[in-house]
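Understanding the architecture of this molecule
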Amino acid sequence: MSLLFARKAFSSVKLGHPLFRSSRLVGGCLPRYIHSLPPGFISDPKYDKAVQLTELRGVNITHDPLLSKGTAFSMDERERLSIRGLVPPRQQNMEMQLKRVKRNMAHCETPLSKFIFLNALQDRNETLFYKLVIDNIKEMAGIIYTPTVGLASQKSHSIYRRSRGMYFSAQDRGNMSAMVYNWPHPDVDVIVVTDGSRILGLGDLGANGMQIPVGKLSLYVAAGGIHPRTVLPVVLDVGTNNQELLHDPLYLGLPQPRLKGEEYYAMVDEWVRAVTGRWPNVLIQFEDFKHPHAYNLLNKYRNKITCFNDDIQSTSTITLAGILASLKARGREQEDLAKERIICVGAGSAGVGVCEGIIDCMVTQGKVKSREEAYESIFMLDQDGLLGNHSLAMKDPSNFHQSSQREEPLDELQLRYVKKDLPDRLGLEALVETVKPTVILGLTGIRGVFTEKAIRTMSRYQEKPVIFPLSNPDTHAECTAEEAFEWSDGRAIFASGSPFENVELKGGKIGHTNQCNNSYSFPGIGLGVTVSKASRVTSTMFLEAAKVIAELATEDELKQGILFPSVSKLRDVSHKVATRVCEVAYTEGVAKATLKEGELLSDLVKDSMYTPEYVPLVHFEHE
């Protein structure tokens with residue numbers, strides 16, 4: 001356990017101060033630099049920049065990734081923390097440590113080997129890990145998260161080194177309220193939780209899905225400035241239906257089929273009650289839950305606890321931002337959104353969630369008479385084809401799959417997108433010819449869904465076709481950047497979920513790619529929620545976050561087809577998004593944090609953001 005003191009800690013604190021009445025400092029006196037600190041009092045640990053107290057000593061310090069400084073411990077620290085001789089004698093600062101890390105990482109030949117290398121660094125020194133990631137986030141984001149995290153998830157049971165986060169399994173039912181106290185840190189601000197049922201576009205990976213919450217929370221810290229001590233990755237191991245994993249003796253999850261029905265929801269509910277019982281104000285991000293569980297859980301808890309679903313709501317935010325920015329890139333106004341004709345290939349939780357966010361924006365802009373009218377602008381396809389009129393399809397069987405029924409019946413949300421004037425199960429290529437879309441979205445997780453014929457047909461009718469293959473990882477994208485630019489004769493406005501390199505076009509021009517990834521949205525949303533201590537995550541927060549992101553590209557960038565700032569500016573994006581989310585929280589009355597007179601939200605958010613730096617460590621003992 002450790003206590004941290006803020007920049008405004010204290011200068012005249014004496015050993016009789018209540019803070020130290022039950023403590024005994026090493027040597028019986030305060031270190032000299034504590035006496036030089038300005039007056040003040042103990043504050044929130046997350047915002048400390050001055051000194052850190054810890055009960056740990058010796059190897060327990062060097063083996064704690066949140067406390068360890070590796071070779072950077074000062075000689076005074078080595079003496080008072082009893083680690084003299086336990087680390088090499090030469091003290092080296094963080095700059096030198098980074099040089100060593102970068103040199104060693106350069107010898108890693110594959111993205112997966114780099115992932116494993118960074119994982120090991122995070123396990124031994126989180127401060128150094130986050131300094132490396134933040135300073136090199138454009139390079140590192142693709143390693144600690146998409147696309148590399150997809151392969152790491154598939155191989156998680158094979159590359160396992162050290163446990164991170166918490167696992168709650170079906171065999172833990174009845175014990176979860178006690179289990180949460182096994183987590184060593186008293187404060188948790190953000191939990192990312194998955195049941196491993198729909199990992200990216202890779203499907204059911206069971207307990208291997210832990211790599212996703214770990215990766216997401218790494219971005220929460222690096223891009224969003226959440227303190228690493230206050231995040232918790234979680235897997236709900238309800239079993240897996242992945243036969244390959246079930247028959248692999250190295251698989252670390254429960255080797256049993258997934259729970260279903262009420263048994264499944266009862267386990268999730270026990271877990272929610274357990275974590276909110278210990279951490280009532282925690283933000284819970286549901287991640288990679290399969291449809292319909294994703295929507296069912298969101299609808300059950302969204303008005304009861306502080307939570308959101310990343311795939312449904314955060315993905316919707318960044319996709320909407322991309323479409324709004326693309327309108328400006330095509331010389332139109334953002335208020336022209338309702339005039340778009342959008343094809344969405346993918347009718348799962350992500351596809352429906354993205355489209356619902358677009359509908360919300362259309363309604364808010366006031367350019368449609370009703371929500372029902374807004375639905376007319378979006379054409380949704382599932383694995384069988386267009387969600388359309390079955391009666392029309394029966395009259396022209398050449399336009400749809402010959403199966404008399406869909407593989408799965410449509411749910412309430414999907415039924416909103418049914419087009420009564422078009423035949424059910426109409427194929428993508430025929431639909432493109434019929435509706436002449438301005439935007440095409442891919443959220444299927446299936447490589448090659450965007451065919452050459454479909455994109456070339458779309459490009460005949462649109463000067464700048466907006467093509468967004470959003471599935472992750474890149475091996476599951478609906479098309480590649482090179483294909484999109486080739487089939488559109490270099491005119492596409494392209495954005496994908498995983499990064500693609502820019503494409504060289506004829507005449508020496510460059511086809512610019514964009515990463516339409518929710519790493520632009522969820523870190524800032526989460527930061528804004530935690531800083532404002534919002535009791536709920538509202539729909540307005542996601543809509544306003546999209547508007548903020550859509551305004552960040554310059555006019556010159558938009559002319560080149562660049563929709564978003566560089567990934568290297570993720571922390572700046574998160575700061576702007578978080579500030580707007582805070583404003584919404586106070587406007588809508590869900591913020592519980594008290595603002596000081598004259599305090600600016602922008603400054604409050606900036607001051608709240610974690611910066612990786614070594615602070616002096618002081619040992620103390622309870623009497």
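The preceding data block contains the structure.
A brief structural summary. Residue numbering note: each chain is counted from 1, following its sequence as written. Totals for whole chains, interfaces and linings use every residue, but because this is a predicted model, local features are given only for residues with pLDDT of at least 70 and side-chain atom pairs only at 80 or more, for both listing and counting. Side-chain numbers come from the whole structure's heavy atoms, not from hydrogens or water.

**A word on the packing of aromatic side chains**
To pair, rings of Phe, Tyr and Trp, with the six-membered ring standing in for Trp, must have centres within 6.5 Å; the planes then decide the type, stacked if under 30 degrees apart, edge-to-face if over 60, and tilted in the middle. Tallied over the entire structure, the rule returns 12 aromatic pairs. When the centroid spacing of 6.3 Å and the interplanar angle of 25° are considered together, the rings of F286 and Y301 count as stacked. Here the residue F286 occupies a position in strand β7 (residues 283-286), and Y301 occupies one in helix α14 (residues 293-301), the gap between them amounting to 15 residues. By relative accessible area, which is 1% here, F286 ends up buried. Only protein chains enter the accessibility calculation, which uses a 1.4 Å probe; a residue whose area is less than 20% of its type maximum is buried, one above 50% is exposed, and one in between is partly exposed. Residue classification places Y301 among the buried positions, given a relative accessible area of 3%. A ring pair is formed by F494 and F500, whose centres lie 6.0 Å apart and whose planes are at 80°; its orientation type is edge-to-face. Assessed through its relative accessible area of 0%, F494 is described here as buried. A run of DSSP states H or I qualifies as a helix once it reaches four residues; a run of E qualifies as a strand once it reaches two. Both are numbered from the N-terminal end.

**What to know about the side chain of T127**
Mapped onto the elements, T127 comes out in helix α6 (residues 126-135). Residue class for T127 comes out buried when judged on its relative accessible area of 9%. Contact definition: two residues touch when any of their heavy atoms are within 4.5 Å. Filtering out sequence-adjacent residues up to four positions away, T127 remains in contact with P65, M94, Y610, P612, E613 and Y614.

**Side note on the sheet that holds strand β6 (residues 231-237)**
Two strands pair if DSSP finds at least two bridges between them. Taken together, five strands build an open sheet; the order of strands is β4-β6-β5-β7-β8 and the sheet is parallel. Each of the sheet's edge strands pairs with one partner strand only, and the pair in question is β4 (166-169) and β8 (307-309). Here the strands of the sheet are splayed against their neighbours by 20° on average, with no regard to which way each runs. Across five bridges, the pairing between strand β5 (residues 190-194) and β6 is parallel. In the strand pairing of β6, V192 is matched with P233. Lines fitted to C-alpha atoms define the axes, with helix axes restricted to the stretch in contact, and inter-axis angles between N-to-C directions lie between 0 and 180 degrees.

**Let's talk about the layout of surface pockets**
Here a cavity denotes a set of grid points, spaced 1 Å apart and computed over the protein atoms alone, in which a 1.4 Å probe fits but from which it cannot get out, and a pocket denotes an open set meeting protein on both sides within 12 Å along at least five of seven lines; residues with an atom within 4 Å of a point are reported as lining. Grid points are joined across faces, edges and corners, and a volume is the space filled by probe spheres set on the points. Here the second largest pocket defines a volume of roughly 1,000 Å³. For the second largest pocket, the lining is made up of 37 residues, of which K138, P499, F500, E501 and Q515 are closest to its centre. If you list the elements that add at least two residues to the lining of the second largest pocket, you get α5 (111-124), α7 (137-144), α8 (148-154) and β19 (513-515). At five residues, the largest contribution of residues to the lining of the second largest pocket is made by α7. Lys, Arg, Asp and Glu make up the charged group, whereas Ala, Val, Leu, Ile, Met, Phe, Trp, Tyr, Cys and Pro make up the nonpolar group; the residues left over, Gly among them, are polar. Here the lining of the second largest pocket is built from residues that sort into 15 nonpolar, 15 polar and seven charged.

**Some thoughts on helix α11 (residues 211-222)**
With 12 residues, α11 should reach 16 Å at 1.5 Å per residue; the first-to-last C-alpha distance of 16 Å fits that figure. Most of α11 sits out of view: 12 of its 12 residues are buried. Those residues of α11 that sit buried are Q211, I212, P213, V214, G215, K216, L217, S218, L219, Y220, V221 and A222. Here the expected length of a helix is defined as 1.5 Å per residue gap, with one fewer gap than residues.

**Things to note about unusual backbone geometry**
The linkage connecting T146 with the following residue, P147, adopts the cis geometry, with an omega of 10°. Among the structural elements, P147 can be located in the loop between α7 and α8. Of note, the bond from H291 into P292 is cis; its omega dihedral lies within 30 degrees of zero at 10°. In this fold, P292 is placed in the loop between β7 and α14. Unlike most non-glycine residues, S82 shows phi in positive territory, near 60°. As for its position among the elements, S82 is in the loop between α3 (75-80) and α4 (94-105). At K436, a position not held by glycine, the phi torsion is positive, near 50°. Tracing the chain through its elements places K436 in the loop between α20 (428-435) and β14 (439-442). The exposure class assigned to K436 is partly exposed, which follows from its relative accessible area of 29%.

**Considerations on the packing of helix α23 (residues 522-532) against helix α26 (residues 570-587)**
At a closest axis distance of 7 Å, the pairing of α23 and α26 adopts a crossing angle of 45°. Regarding the angle of α23 to α26, the classification is oblique. When the axes of α23 and α26 are compared, the crossing they make is right-handed. Listed contacts from α26 to P523, G524, I525, L527, G528, V529, V531 and S532 of α23 are S574, V577, A578, V581, C582, A585 and Y586. Here the contact of α23 with α26 is composed, by residue class, of 11 nonpolar, four polar and no charged. Roughly parallel refers to an angle under 35 degrees, roughly antiparallel to one over 145, roughly perpendicular to one between 65 and 115, and oblique to any angle outside these ranges. In this scheme the handedness of a crossing depends on how the near helix is turned from the far one: anticlockwise by less than a right angle means left-handed, clockwise means right-handed.

**Some remarks on the nonpolar core**
What is meant by a nonpolar core is a set of buried Ala, Val, Leu, Ile, Met, Phe, Trp, Tyr and Cys residues, joined one to another through side-chain atoms within 4.5 Å. In terms of nonpolar packing, the biggest core is built from 152 residues, with I191, W271 and I358 touching the most fellow members. Excluding its chain neighbours within four sequence positions, the residues that come into contact with I191 are L232, V234, W271, V275, W279, V282, L283, I284 and Q285. Membership of the second largest hydrophobic core comes to 27 residues, among which are L386, I467, C479 and F500.

**Overview of the sheet that holds strand β15 (residues 466-469)**
Read from one edge of the open sheet, seven strands run β11-β10-β9-β14-β15-β16-β19, paired in mixed fashion. The open sheet has two edge strands with one neighbour each: β11 (385-386) and β19. Pairing analysis gives two bridges linking strand β10 (residues 378-382) to β11, with the strands arranged antiparallel. Paired with L381 across the strands is L386, a residue of β11. The strands touched by helix α15 (residues 310-329) within the sheet are β9 (342-345), β14, β15 and β16 (493-496), with β15 carrying the most contacts at an inclination of about 160°.

**A look at empty space enclosed by the protein**
This model, assessed by the stated rule, comprises four cavities of 30 Å³ or more. What lines the second largest cavity is a set of 15 residues, and nearest its centre among them are N119, Y160, R162, R164 and Q211. If you list the elements that add at least two residues to the lining of the second largest cavity, you get α5, α9 (156-159) and α11. The dominant element in the lining of the second largest cavity, judged by the number of residues it contributes, is α5, at four residues. Among the residues forming the lining of the second largest cavity, the class breakdown is seven nonpolar, four polar and four charged.

Structural measurements only, silent on function.
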